[in-house]
Amino acid sequence: MNTILGLGFILTAGLFSAKLIKRIKFPAVTAYLLLGILIGPSLFKLVPEGILNSSGLISNIVLGIIAFGIGQNFSRYHLRKIGRPIIWISILEACGAWALVTSAFLLILKQPFYVSLLFGAIASATAPAATVMVIREYRARGNFTDTLLGVVAIDDAWCLIIFAISLAISQAVYTHMMAASFLIKVFFNSLLSIFGAFVLGAILAMLLSLLYRFIRTQTELLIFTLGFIFLNIGLAIWLHLSVLLSSMFLGAILINSHRYSFKFFDALKCIDSPLFLLFFVLAGANLEMHILPKLGIIGLTYLIFRVIGKMMGASLGAKISNAPESIRRYLGLGLVPQAGVALGVALIAKSDFPIVGEMIFTTIIATTVIYELIGPLCTKYALHKAGEIPEGH
Amino acid sequence: MQVKEVMSKEVITVQRSTTLKELLKSFGKFHIFPLVPVVDGDRHLRGIVSFHNLVDIFSSYHPDVLKLVPFLDEEEVDIFKIDISEDIGNLVVVEDIMETEFVSIPEDAAIEEAYKLMRLHLKEEFPVINKAGWLVGMVGIFDIIQAVFRQKGIIK
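Residues numbered from 1 in each chain as written. Chains lettered and ligands numbered in written order. Predicted model: local features only at pLDDT ≥ 70, side-chain atom pairs only at ≥ 80, totals over all residues.

## Concerning the overall build of chain A
For clarity, the cut-off: Each helix is a run of H or I in the DSSP string that is no shorter than four residues. Each strand is a run of E no shorter than two, and both are numbered from the N terminus. Each radius of gyration is computed over the set of C-alpha atoms, and the globule rule expresses the reference value as 2.2 Å times the number of residues to the power 0.38. Counting other C-beta atoms within 10 Å of each residue's C-beta, where C-beta atoms are placed from the backbone, gives the exposure class: buried for 20 or more, exposed for 12 or fewer, partly exposed between. Contact between two residues is assigned whenever their backbone-derived C-beta positions fall within 7 Å.
Secondary structure assignment for chain A yields 16 helices and zero strands. For a compact globule of 393 residues, the expected C-alpha radius of gyration is about 21 Å, and chain A comes in at 20 Å, within 12% of that figure. Counting only C-alpha atoms and orienting by the principal axes, one finds that chain A spans roughly 55 × 50 × 50 Å. Buried positions account for 53% of the 393 residues belonging to chain A. Within chain A, contacts between residues separated by at least 24 positions form 81% of all contacts whose residues are at least 6 apart in sequence.

See below:
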């Protein structure tokens, strides 16, 4: 199959498999992943080599677009509006999963520190789309629902920050394990990666605002926005900075500095869906089936400790911010789903750490499929216990 | 030519506390639901309501935060079949459905600038504000086209 035929097949098959899976109330992401696994090299071998080889390119573009959108979370208006409980709960549930999964991999599974840290960072992500699907399906409403949605929406932003820090530390640990000035190098590398990404995002946001006055039509706005996102991703790769952080900073600085910044984010909505579809199908296709049997205990540890970390963190955050009892007890359960951002950052881990990367990526795909199947049930249970699913649903 | 020279000064406005029932009643005789400015008592412009926001009432959940969620599946709502309570007419107020992110145009902007913004944002009308952020009128694409026809002498 040639590359273009393969692309056409993936897009159409992806669309109809999503329609099919929606009938049994699962998010489209699950359909794309399963389709990818089915048509990937491990099973039916229907994905052309050319597309598989460009997985890295597509994931970098998609992650750049996602991170740019996630930057909107840091608008002054939004941060003022969401309030203390959401901030506390989201930070602590993300850090809870990070700390607990890292510790479990380090102490129970005796994995190297940099591998444990990467697993921990990926564990901090959630899947807001799956949560929204459950909320919509059961027409849930109320304080618990609002808090849950606020937490899952901002959680991915914390995940990107946690992952960027962890990746910088892991790379430094991996590269300079034997160096005498080890700690200084780890610290310096992490700081450079974050600060450099901020400076790059800020410079491009300023340039974008400056050139915006030459944009006259909606088509030009789309090309302009996409062009700047690509410039940002490309420069971040070239300068060895975090693609995720620089894209997020570009979005965050833009949303706070430009009067009509929301239009840049809106413009992307007409092209992002097919890119996201391709990204998830390719993520599924990249699954190394032969590694799966070896991952039993690793997968199980990740599955269990991520959920415990999220539940404990959410509960602590709710306690600190004096949130109601139902939020303290059940909100963590609503955070079980895992999908796009976790897969995206796992792909980065795969390309940056060739030896352990495949094991990390395969574990994350396998656990994503499990989480996407059981996650919505946990979210439904949490909403039910909080008394926010109306009778008859 | 400035926007204030071509805009309509008589505008039907609503307040944040206006109920859905009152809103629908105000525009009951219109064929197309216009862009409705939402103002405070002092005419400070706080938001806008468009027909999209009216359709959103049939959705199960529509707060601003959904705009921040990546990979969100579109909600397919059949407005003809969905069960919706009669009480909603009094329970939903404009503040629940209005857009707080919108484009407005200063009254002293040139009509060329207003036309450019309409093409850029794919909109056919904008609320017009003064320096204090108060609503002073509405300008539509037809106001601008008429002004151009007038300048060319096609209409008097």
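## Some details on the overall build of chain B
When its secondary structure is counted, chain B shows seven helices and five strands. When its helices and strands are written in sequence order, chain B yields α-α-β-β-α-α-α-β-α-β-β-α. By its C-alpha atoms, chain B is 55 × 35 × 30 Å across when sized along the principal axes. The proportion of buried residues among the 156 residues of chain B is 21%.

## Observations regarding the packing of helix α7 (residues 128-137) of chain A against helix α8 (residues 143-175) of chain A
All names here are of chain A. The condition is simple: Axis lines are fitted to C-alpha atoms, over the contacting stretch for helices. Their N-to-C directions set the angle, which ranges from 0 to 180 degrees. Oblique is the label for any angle not covered by the other classes, which are roughly parallel (under 35 degrees), roughly antiparallel (over 145) and roughly perpendicular (65 to 115). Crossing chirality is assigned from the near helix's rotation relative to the far helix, an anticlockwise turn below a right angle marking it left-handed and a clockwise turn marking it right-handed.
Taken N-terminus to C-terminus, the directions of α7 and α8 make an angle of 160°; their axes are 9 Å apart at the nearest point. Comparing their axes, α8 and α7 come out roughly antiparallel. Note on packing geometry: the crossing formed by α7 with α8 is left-handed. Contacts between α7 and α8 pair Pro128, Thr131, Val132 and Ile135 from the former with Thr145, Leu148, Leu149, Val152 and Ala153 from the latter.

## Things to note about the interface of chain B and chain A
Spelled out, the test is: Note on residue categories: nonpolar means Ala, Val, Leu, Ile, Met, Phe, Trp, Tyr, Cys or Pro, charged means Asp, Glu, Lys or Arg, and polar means any other residue, Gly included.
Tallying the contact residues gives 18 residues for chain B and 28 residues for chain A. Within the side of chain B that touches chain A, the residues separate by chemical class into 11 nonpolar, two polar and five charged.

## As for unusual backbone geometry
Positive phi values are uncommon outside glycine, yet asparagine 322 of chain A reaches one of about 55°. In this model, arginine 43 of chain B sits at a positive phi of 65°, which is unusual for a non-glycine residue. A tally of 16 C-beta atoms within 10 Å means that arginine 43 of chain B is categorised as partly exposed.

## Side note on helix α5 (residues 76-108) of chain A
Our working rule: How far a helix is expected to stretch is found by multiplying one less than its residue total by 1.5 Å. Bend is computed residue by residue as the angle between axes fitted to the seven residues ending at the residue and the seven residues starting at it.
End to end, α5 of chain A covers just 42 Å across 33 residues, shorter than the expected 48 Å (1.5 Å per residue, more than 12% under). The largest bend along α5 of chain A measures about 100° and falls at glycine 83 of chain A, with the proline proline 85 of chain A one to four residues further on.

## Structural notes on the pairing of strand β2 (residues 45-49) of chain B
Every regular strand shows the same layout, with side chains that alternate between the two sheet faces. All names here are of chain B. Definition in use: By the convention used here, strands pair only if DSSP detects at least 2 bridges between them.
Of all five residues in β2, four are buried, a share of seventy percent or more. Inspection of the sheet shows strand β1 (residues 36-39) paired to β2 by four bridges, in the antiparallel sense. Within β2, the position partnered with valine 39 by the bridge is leucine 45. Joining the antiparallel neighbours β1 and β2 is a turn of five residues, in which arginine 43 adopts a positive phi near 65°.

## Focus on the nonpolar core
Residues and elements named next belong to chain A. Convention followed: The term nonpolar core refers to a set of buried Ala, Val, Leu, Ile, Met, Phe, Trp, Tyr and Cys residues connected through C-beta atoms within 7 Å.
Counting 141 residues, the largest nonpolar core has Tyr32, Val101, Ile122, Leu160, Phe163, Val345 and Ala346 as its most contacted members. Considering every element that reaches this core, the biggest residue donor is α8, with 18 residues. Those residues in contact with alanine 346 that sit more than four places away from it in its chain are Ile122, Ile360, Phe361 and Ile364.

## Concerning the environment of methionine 98 of chain B
All names here are of chain B. When you line up the elements, methionine 98 lands in the loop between α5 (94-97) and β3 (105-106). For methionine 98, a count of 20 C-beta atoms within 10 Å gives the class buried. When the C-alpha atoms of methionine 98 and leucine 135 are compared, they prove to be 16 Å apart, with 37 residues separating the residues in sequence. Ignoring any residue separated from it by four or fewer positions in sequence, one finds methionine 98 in contact with Val38, Gly47, Ile48, Val49 and Asn53.

## A few points about the sheet that holds strand β5 (residues 135-140) of chain B
Spatial ordering of the open sheet is given by β3-β4-β5 (chain B), a layout of three strands whose pairing is mixed. A strand with exactly one partner marks an edge of an open sheet, and here the two such strands are β3 and β5 of chain B.

## Here's the deal with the packing of helix α15 (residues 340-352) of chain A against helix α16 (residues 354-385) of chain A
Residue and element names in this part refer to chain A. In contact at an axis separation of 7 Å, α15 and α16 are set at 165° when each is read in the N-to-C sense. By the angle between their directions, the pair α15 and α16 is classed as roughly antiparallel. Crossing handedness for the pair α15 and α16: left-handed. Across from Ala342, Leu343, Ala346, Leu347, Ala349, Lys350, Ser351 and Asp352 in α15, the residues of α16 making contact are Gly357, Glu358, Ile360, Phe361, Ile364, Ile365 and Thr368. When the residues that make up the contact of α15 with α16 are grouped by side-chain class, the tally is nine nonpolar, three polar and three charged.

## Some remarks on the confidence of the model for chain B
Note: predicted coordinates in regions of low pLDDT should not be interpreted at a detailed level. Counted only if it meets this: Per-residue confidence from the predictor is reported as pLDDT, a score between 0 and 100.
In the predicted model, chain B carries a mean pLDDT of 89, and the fraction of residues at 70 or more is 97%. Of the two predicted TM-score estimates for the complex, the pTM is 0.86 and the ipTM is 0.80.

## Looking at the environment of phenylalanine 126 of chain B
All names here are of chain B. When you line up the elements, phenylalanine 126 lands in strand β4 (residues 125-129). A C-alpha to C-alpha distance of 9.7 Å links phenylalanine 126 and valine 36, two positions 90 residues apart in sequence. With sequence-adjacent residues up to four places away left out, phenylalanine 126 is seen in contact with Val103, Ser104, Ile105, Ala114, Leu117 and Val139.

## Re helix α11 (residues 243-257) of chain A
Between the first and last C-alpha of α11 of chain A there are 21 Å, a value that for 15 residues agrees with the 21 Å anticipated at 1.5 Å per step. Taken across its 15 residues, α11 of chain A has 13 buried, putting it largely inside the fold.

## Notes on the environment of phenylalanine 163 of chain A
Residue and element names in this part refer to chain A. Within the secondary structure, phenylalanine 163 is located in helix α8. Take phenylalanine 163: there are 29 C-beta atoms within 10 Å of it, and that puts it in the buried class. Considering only alpha carbons, one finds phenylalanine 163 and serine 124, 39 residues apart in sequence, at a separation of 8.5 Å. Sequence-distant contacts of phenylalanine 163, defined by excluding residues within four places in its chain, comprise Ala121, Ile122, Leu244 and Val345.

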